[in-house]
Amino acid sequence: MISSAKSSACFAEAKKYIPGGVNSPVRAFRSVGLDPRFIRKGKGSRIYDIDGNEYIDYVCSWGPCILGHAYPPVINAVKEVCENGLTFGAPTERETELARLIIEAVPAIDRVRLVSSGTEAVMSAIRVARGFTKRNKIIKFTGNYHGHSDGLLVKAGSGLLTESIPDSGGVPEGYVAYTLLADYNNEDSVKALFDAEKDDIAALIVEPVAANMGVVPPKPGFLEFLRDITEKNGSLLIFDEVITGFRLSYGGAGEYFGVKPDMVTLGKIVGGGMPLAAYGGRADVMGVIAPEGPVYQAGTLSGNPVAVTAGIETLKALKDNKELYESIDRKAAVLEKAFRDSGRTVNRVGSLLSAFFTDKEVTNYATALSSDTKAFASYFGRMLEEGIYVAPSQFEAMFVSAAHTDEDIERTAKAIQVCAK
Ligand SMILES: *Cc1c(COP(=O)(O)O)cnc(C)c1O
């Protein structure tokens, strides 16, 4: 039994000052019935808590740390840029450099805006889609998460699913009246909405690989179908690639599946661990944004030099790095096999995977919900005892990074065969 006494004491203290003791709900470990570990530092594939425990980390800050923790080129570049000031609220050359890198990487992005969180990227992309099409409604899928802006907090997966909150409090009905819900991987559910509302659907937003109800891949042809039906109806297709961007491939899911949306949102990896996200798309669509057009979107710290530098150095390490993508893919496949050998349902796309504690094939929100979360909690606790830190939720992905060594993966695969049985 490893000690977690210091973490528990810190958690008790934090709860006095911070709601739930955390600044983002899933961190509180509530669904697994444990106290969260307070992290002291990270290096490569490992994180270390304040009780002196070491873990192989598969949360990777929920995606950004694809190069592992404290990756030296990123840390050194950030240290250097900090010396010259953290923010100016005026343009810097690095913003253009990061924008150019993003546009060269992602086929669907002609022009791009930098913001500070995935939530902000998605919220802004939707405003732009509405401004461009002069329509009101959007379609989202149950179990897809697009950040915590009001209109998108319906059947939103991620932390809400973990905490069994179907729809957030504090969101007036009117705010979600323009949000239509479809069932992931179900073409008929999308057709029905377009039949009923076709002249008022500004955009359909989708996680091209759902990764916030556990990992759920799109069925073959599903993304192509979404491309087709949105185009026919004069609606925009938005790929929320906050997780998949720069992860499934350097060009993201759009490149990986060969489907070109009208707009793309990015976050997590694009900021290399700093608060940075982006939204972009067709030049004509992005042209409606102020000061060129009438759709307002702004940010005091948007594109600040520190976050931008972390993003640039991260993308440079990923660019043209086929080996890295092949390696994280291969390592994730070893973990996938370990889950399968333990009799678990498992979904994997590239370096993203989830095991589900259900006998069903998981293809959408309803089948993801059939998971036995008590069995998951027991698996989670046992993995933690083995020194392996996976997401404390059935409904989050396992992230493999370039820093995971073959030995890390072997040890994890062995632990899975014991803990996931
Ligand atoms: C994490 C996430 C977001 C929200 O990003 P934040 O930076 O947490 O605001 C949006 N969409 C998807 C698909 C995500 O995984």
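Residues numbered from 1 in each chain as written. Predicted model: local features only at pLDDT ≥ 70, side-chain atom pairs only at ≥ 80, totals over all residues. Heavy atoms only, no water.

## Digging into a positive patch on the surface
A cluster of basic residues, Lys6, Arg40, Lys41 and Lys43, forms a positive patch on the protein surface. Per-element accounting of the positive patch gives the leading share, three residues, to strand S1 (residues 39-43). By the secondary structure assignment, Lys41 is in strand S1. We classify Lys41 as partly exposed; its relative accessible area is 43%. (Patch = residues over 30% accessible without salt bridge, like charges linked within 9 Å, V, L, I, M, F, W, Y side chains within 5 Å. Areas by Shrake-Rupley, 256 points an atom, 1.4 Å probe, with all protein chains shown as cover. Salt bridge = Lys/Arg side-chain N within 4 Å of Asp/Glu carboxyl O. Lys, Arg positive; Asp, Glu negative; His and termini not counted. Charge placed at Lys NZ, Arg CZ, Asp CG, Glu CD. Helix = DSSP H or I, 4+ residues; strand = E, 2+ residues; numbered from the N terminus. Buried < 20%, exposed > 50% of the residue type's maximum accessible area, 1.4 Å probe, protein only.)

## Side note on the sheet that holds strand S12 (residues 352-356)
With antiparallel pairing, three strands are arranged side by side in an open sheet as S11-S12-S14. At either margin of the open sheet sits one strand with a lone partner, and together these are strand S11 (345-349) and strand S14 (398-399). Of the strand pairs in this sheet, S11 and S12 are connected by five bridges, and their pairing is antiparallel. What sits directly across from Val346, in S12, is Ala355. Contacts between helix H12 (residues 322-341) and the sheet are confined to S11, S12 and S14, with S11 contributing the most and set at about 170 degrees to the helix. (Pairing = 2+ DSSP bridges. Contact = heavy atoms within 4.5 Å. Axes fitted to C-alpha atoms, helices over the stretch in contact; angles between N-to-C directions.)

## Quick word on H12
In a regular helix each residue adds 1.5 Å, so 20 residues correspond to 28 Å; H12 covers 29 Å between its end C-alpha atoms and thus fits that length. Of the positions making up H12, those classed as buried are Leu324, Tyr325, Ser327, Ile328, Lys331, Ala332, Leu335, Glu336, Ala338 and Phe339. Contacts from the buried residues of H12 go to helix H11 (305-318), S11, S12, helix H14 (373-385), S14 and helix H15 (406-419). Remark: Gly343 follows H12 within two positions and exhibits a positive phi of approximately 85 degrees. (Expected span 1.5 Å × (residues − 1).)

## Some words on the pattern of salt bridges
Scanning the entire structure with this criterion turns up 21 salt bridges. Notably, a salt bridge pairs Lys155 with Asp167, separated by 3.5 Å at the nearest N-O pair. Of this pair, Lys155 sits in the loop between strand S5 (137-141) and helix H5 (158-162) while Asp167 sits in the loop between H5 and helix H6 (173-176), placing them twelve residues apart in sequence. As a salt-bridge pair, Asp329 and Arg348 come within 3.3 Å of each other at their nearest N and O atoms. Residue Asp329 is found in helix H12, and its partner Arg348 is found in strand S11; the two are separated by 19 residues along the sequence.

## Quick word on the packing of H12 against H15
Packing of H12 against H15 brings their axes to within 8 Å, and their N-to-C directions diverge by 15 degrees. Overall, the two elements H12 and H15 adopt an arrangement that is roughly parallel. Taken as a pair, H12 and H15 cross one another with a handedness that is right-handed. Only Asp406, Ile409, Glu410, Thr412, Ala413, Ile416 and Gln417 of H15 make contact with H12, whose side of the interface consists of Arg330, Lys331, Val334, Leu335, Ala338, Phe339 and Asp341. A class-by-class count of the residues in the contact of H12 with H15 yields seven nonpolar, two polar and five charged. (Parallel < 35°, antiparallel > 145°, perpendicular 65-115°, else oblique. Left-handed = near helix turned anticlockwise from the far one by under 90°. Nonpolar A, V, L, I, M, F, W, Y, C, P; charged D, E, K, R; others polar.)

## Some points on the site of the ligand
Neighbouring the ligand are the residues Ser117, Gly118, Thr119, Tyr145, His146, Gly147, Glu207, Asn212, Asp240, Val242, Ile243 and Lys268. A distance of 2.6 Å separates an oxygen atom of the ligand from a polar side-chain atom of Thr119. In this structure, an oxygen atom belonging to the ligand sits 2.6 Å away from a side-chain N or O atom of Lys268. Taking 380 Å² as the accessible area of the ligand by itself, protein coverage stands at 82%. In terms of residue class, the shell around the ligand is made up of three nonpolar, six polar and three charged. (Near = heavy atom within 4 Å. Polar contact = N/O pair within 3.5 Å; in protein donor to acceptor, adjacent residues only side chain to side chain.)

Remember that the coordinates give geometry; whether it matters functionally is a separate question.
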